[in-house]
Amino acid sequence: MTERIVLAYSGGLDTSVAIGWIADATGAEVIAVAVDVGQGGEDLEVIRQRALDCGAVEAYVADARDEFAEDYCMPALKANALYHDKYPLVSALSRPVIVSHLVKAAREFGATTVSHGCTGKGNDQVRFEVGITSLAPDLKCIAPVRDLALTRDRAIEYAEKHNLPIVTTKKNPFSIDQNVWGRAVETGFLEDIWNAPTKDVYDYTDDPAFPPVPDEVIITFREGIPVAIDGVTVTPLQAIEQLNQRAGAQGVGRIDIVEDRLVGIKSREVYEAPGAIALIEAHRELENVCLERDQARFKRTVSDRWTDLVYEGMWTSPLKDSLDAFINDTQQYVNGDIRMDLHGGKAVVTGRRSETGLYDFNLATYDEGDAFDQSAARGFIEIYGLAAKQAAARQARLKG
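Residues numbered from 1 in each chain as written. Predicted model: local features only at pLDDT ≥ 70, side-chain atom pairs only at ≥ 80, totals over all residues. Heavy atoms only, no water.

**Examining the sheet that holds strand E6 (residues 175-179)**
Backbone hydrogen bonds hold the strands of a sheet together, and the pairing may be parallel or antiparallel. Convention followed: When DSSP locates at least two bridges between a pair of strands, those strands are taken to pair. Numbering goes from the N terminus for both helices and strands, where a helix is a DSSP run of H or I of at least four residues and a strand is a run of E of at least two. Axis lines are fitted to C-alpha atoms, over the contacting stretch for helices. Their N-to-C directions set the angle, which ranges from 0 to 180 degrees. Whether two residues are in contact is decided by their heavy atoms: any pair within 4.5 Å suffices.
Read across the sheet, four strands follow the order E6-E7-E12-E11 without closing on themselves; strand pairing throughout is antiparallel. The outermost strands of the open sheet, each flanked by one partner alone, are E6 and strand E11 (254-260). Along the sheet, successive strands turn relative to each other by an average axial angle of 20°, direction set aside. Inspection of the sheet shows E6 paired to strand E7 (residues 182-186) by five bridges, in the antiparallel sense. Looking at E7, one finds that Gln178 is bridged to Arg183. Packing against the sheet, helix H4 (residues 90-109) makes contact with E6 and E7, and its axis sits at approximately 65° to E6.

Put into structure tokens, the structure is as follows:
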């Protein structure tokens, strides 16, 4: 039986050429796998047919938008996951769901190897291969760009020589990866970190310097998950999509950072994540109302480690599973409404309400009805500051 290789297929030049390139280099049959995680663009059936026309023996397509939103984006939201305190893991979150479908297709079609389009310099090669190894240790991995010398120039030459049904001459100056959680842009003139992004870099967001009138939105959460927008019930996918539109129209979610890649390289990345940034900002503020102080402090430490693990491709690691259990436990009382103003590149919380929150008006108020016993404060301060008082007295005694 001829060996079969599953290829993560986007429908673009490089992965289309990779179908024949892999077959020529290995003698194996290629099964193309396209996964829709909300990246937009062409219809999945069009992509499926292109894969077959480029020589794939089978083409597997999956609409994973709801799965991605519910099982990957929502855990990131509950964790308030922001790498370098800015980047909401746009690409890192999509890789595990794509990997799960690559493995599923490999089992269905009897493949022994999985192939992806990553280079040897990025994070995604780690995310794909560690993910595949974790789910299916028996499967091998290859990367045509990294392992089989498939450069873009060679891809264009190969496509023209074999009359493949793809555009081969137009070269986008940027490398772009996008899904419903956001959009990542790199390479081209952005590699000079002194260069400012130009207007053509952006697609999910409008210029925040020229915003429309402010847009007020009320987001309702239940156990840390958005369940309604302006009182209308939504799924996680619908919540992200609606806020992508509304926050994106206000220029919310533009991110320009130099980040630390797993392979040790510093890389300049431009991201757009209007829905993700608005949701994380709202969720964090609701947590301020609902989480106990020490629990909230420790959760920030847990969230930082969770974020690093996901960025570094360890979605299926035992430690991440344990951190998930803690994060999920913290979310049981994160219920209520957050009112936000979306305007001029900012998502600003203006109101909060929760039936399960810890904010007590009668304790917080300085007006009539104050339930806080201020007479207890003097003794509390005396005990709280006792250790510092003793240390100061020792310093004074020794210096004297």
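What follows picks up the thread again.
**Digging into helix H14 (residues 386-399)**
Selection rule: What a helix should span is 1.5 Å times the count of its residues minus one. Exposure classes here rest on a 1.4 Å probe applied to the protein chains alone. A residue is buried below 20% of its type maximum, exposed above 50%, and partly exposed in between.
If you check H14, its first and last C-alpha atoms are 20 Å apart, about what 14 residues at 1.5 Å a residue would give, namely 20 Å. Sparse coverage of H14 is indicated by the burial of zero of its 14 residues.

**What to know about the pairing of strand E14 (residues 346-353)**
Examined bridge by bridge, strand E13 (residues 336-343) and E14 share seven bridges and lie antiparallel to one another. Paired with Met340 across the two strands is Val349, which belongs to E14. Two successive antiparallel strands, E13 and E14, enclose a turn made up of two residues, where Gly344 displays a positive phi of approximately 55°.

**Focus: the environment of Ala155**
Among the secondary structure elements, Ala155 is positioned in helix H7 (residues 152-161). Along the sequence, Ala155 and Ser16 sit 139 residues apart, while their C-alpha atoms lie 8.8 Å from each other. When sequence neighbours within four positions are dropped, the list of residues in contact with Ala155 reads Leu13, Asp14, Val17 and Leu150.

**What to know about the environment of Gly336**
Inspection of the secondary structure assignment puts Gly336 in strand E13. Among the residues examined, Gly336 registers a relative accessible area of 14% and is labelled buried. For Gly336 and Glu312, which are 24 residues apart along the polypeptide, the C-alpha to C-alpha distance reads 33 Å.

**Quick word on the packing of aromatic side chains**
Cut-off, in case you're wondering: Whether two aromatic rings pair depends on their centres lying within 6.5 Å, for rings of Phe, Tyr and Trp, where Trp uses its six-membered ring; planes under 30 degrees apart make the pair stacked, over 60 edge-to-face, and the rest tilted. Each ring is checked for a lysine NZ or an arginine CZ that lies within 6 Å of its centre and within 35 degrees of its normal; such an atom marks a charge sitting over the ring.
Under the criterion given, the structure shown has nine aromatic pairs. Residues Tyr87 and Tyr311 carry aromatic rings whose centres are separated by 6.3 Å and whose planes lie at 85° to one another, so their mutual orientation is edge-to-face. In this pair, Tyr87 is assigned in the loop between helix H3 (65-79) and H4 and Tyr311 in helix H10 (residues 293-311), connecting sequence segments 224 residues apart. On the numbers, 5.4 Å between centres and 85° between planes, the contact of Phe298 with Phe326 is edge-to-face. Of this pair, Phe298 sits in helix H10 while Phe326 sits in helix H11 (residues 318-330), and the two are 28 residues apart along the sequence. When its relative accessible area of 47% is taken as the criterion, Phe298 is described as partly exposed. Its relative accessible area of 24% is what places Phe326 among the partly exposed residues. What links up through ring pairs into an aromatic cluster is the set Phe68, Tyr72, Trp306 and Trp315. Above the ring of Tyr311, the side-chain terminus of Arg127 is found at 4.9 Å from the ring centroid.

**Side note on the pattern of salt bridges**
Between side chains of opposite charge, pairing is possible as soon as their charged atoms come close. Rules: Whenever a carboxyl oxygen of Asp or Glu lies within 4 Å of a side-chain nitrogen of Lys or Arg, that contact is scored as a salt bridge.
With the rule as written, the count across this model stands at 27 salt bridges. Linking Arg107 and Asp138 is a salt bridge whose minimum nitrogen-to-oxygen distance equals 2.8 Å. Placement of the pair is Arg107 in helix H4 and Asp138 in the loop between helix H5 (124-135) and strand E5 (140-142), with a sequence separation of 31 residues. Through salt bridges with shared partners, a single ionic network connects Arg95, Asp124, Arg127 and Asp177.

**Re the environment of Leu319**
Position of Leu319 among the secondary structure elements: in helix H11. Considered as a pair, Leu319 and Trp306 are 13 residues apart in the sequence and their alpha carbons are 8.5 Å apart. Aside from chain neighbours lying at most four places away, what touches Leu319 is Arg305 and Leu309.

**A closer look at the packing of H3 against H4**
So the rule is basically this: Angle categories: roughly parallel below 35 degrees, roughly antiparallel above 145, roughly perpendicular from 65 to 115, and oblique for all the rest. By convention, the crossing between two helices is left-handed when the near helix turns anticlockwise from the far helix through less than a right angle, and right-handed when the turn is clockwise.
Direction vectors running N to C along H3 and H4 enclose 140°, while the axes themselves pass 9 Å from each other. Between H3 and H4, the interaxial angle falls into the category oblique. In this structure, H3 meets H4 at a crossing whose hand is right-handed. Counting all contacts with H3, which are made through Glu67, Phe68, Tyr72, Cys73 and Ala76, the residues of H4 involved are Leu93, Ser94, Pro96, Val97, Ser100 and His101.

This is a description of form; function is not addressed.
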